[in-house]
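Observations on chain architecture
What follows is each chain in one-letter form.
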Amino acid sequence: DARVTQTPRHKVTEMGQEVTMRCQPILGHNTVFWYRQTMMQGLELLAYFRNRAPLDDSGMPKDRFSAEMPDATLATLKIQPSEPRDSAVYFCASGFNRDTTSTDTQYFGPGTRLTVL
Amino acid sequence: AQKITQTQPGMFVQEKEAVTLDCTYDTSDPSYGLFWYKQPSSGEMIFLIYQGSYDQQNATEGRYSLNFQKARKSANLVISASQLGDSAMYFCAMRVVFGAGGTSYGKLTFGQGTILTVHP
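Quick look at the structure, then. Because the structure is a prediction, the values reported are computed rather than measured.

Quick word on the side chain of Ser74 of chain B
- Tracing the backbone through its elements, the reader meets Ser74 of chain B in strand 9 (residues 74-79).
- Sequence-distant contacts of Ser74 of chain B, defined by excluding residues within four places in its chain, comprise Cys23, Thr24, Tyr25, Asn67, Phe68 and Gln69 of chain B.

Some words on the interface of chain A and chain B
- Taken together, the contacts link 23 residues of chain A with 20 residues of chain B.
- For the pairing of chain A and chain B, the buried interface totals around 1800 Å² over both sides, and the portion due to carbon and sulfur atoms is 54%.
- Taken together, the links from chain A to chain B amount to zero salt bridges.
- Our count for the contact surface shared by chain A and chain B stands at two residue pairs in polar contact (both at pLDDT 80 or more).
- Elements with a minimum of two residues in the side of chain A that touches chain B: strand 4 (31-38), strand 5 (42-50), strand 6 (53-56) and strand 10 (107-108) of chain A.
- By residue number, the principal contributor to the side of chain A that touches chain B is strand 5 of chain A, which donates five residues.

Points about the pairing of strand 7 (residues 65-71) of chain A
- The pairing of strand 7 of chain A with strand 8 (residues 74-79) of chain A spans five bridges and is antiparallel. Along strand 8 of chain A, the bridge assignment pairs Ala67 of chain A with Leu77 of chain A.

Digging into the environment of Tyr25 of chain B
Residue and element names in this part refer to chain B.
- With respect to the helices and strands, the residue Tyr25 is situated in strand 4 (residues 24-26).
- Put simply, Tyr25 and Lys73 are 48 residues apart on the chain and 5.6 Å apart in space, counted from C-alpha to C-alpha.
- When neighbours within four sequence positions are excluded, Tyr25 is seen to be in contact with Lys3, Ile4, Tyr32, Leu34, Phe68, Gln69, Lys70, Lys73, Ser74, Ala75 and Met94.

Thresholds applied
Residues numbered from 1 in each chain as written. Chains lettered and ligands numbered in written order. Predicted model: local features only at pLDDT ≥ 70, side-chain atom pairs only at ≥ 80, totals over all residues. Heavy atoms only, no water. Helix = DSSP H or I, 4+ residues; strand = E, 2+ residues; numbered from the N terminus. Contact = heavy atoms within 4.5 Å. Buried area = accessible area lost by both parts, 1.4 Å probe. Salt bridge = Lys/Arg side-chain N within 4 Å of Asp/Glu carboxyl O. Polar contact = N/O pair within 3.5 Å; in protein donor to acceptor, adjacent residues only side chain to side chain. Pairing = 2+ DSSP bridges.

In structure tokens, the structure reads:
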């Protein structure tokens, strides 16, 4: 049963610290998404990768957030320095996109619950 | 701009009854996709069902069906024979294509969600 995996599942850190979240997409998928979920804003898209290339990171605060895909099996989302307003659940999702007619069904990981004190 | 609206913050249903969760959308793009996801209290997002804008038939997946009314721009989720395990938050999402050519991609916009509670 193929699944998206995310680590860590929970992270508590202090303001100013660096946070790195990792995601392993489903094998064979070529798209990776990072979302942030909060009570106030709901689900927000932070970044999108296809074939490891970033196509959209307009939802991400550029000064402190960065997203990369060092290889096809690993995506990372980094916050440096972290702030209390970054507290949220961060989801990674993967899918397969062949062309613009693809359904682009996204399969979500379990999320990383981040608390910044 | 694309928009997804779920007008029911919370819904209650008796076990074994059917329930409909509402979703309306707004887009000027003729090609789009509609998704429903379930988020139980454990937090994960579970894909339930997909409907393409050009699909002639309403999508069904087991106890889930999507009542797609294109002219009314609605994509309601129907859960038949509700079970206690169906208690969760349900999100409707719409995919539209952004960009052009090789950099185009499908971007999901999510509604605010509906909390479904199934009573025994």
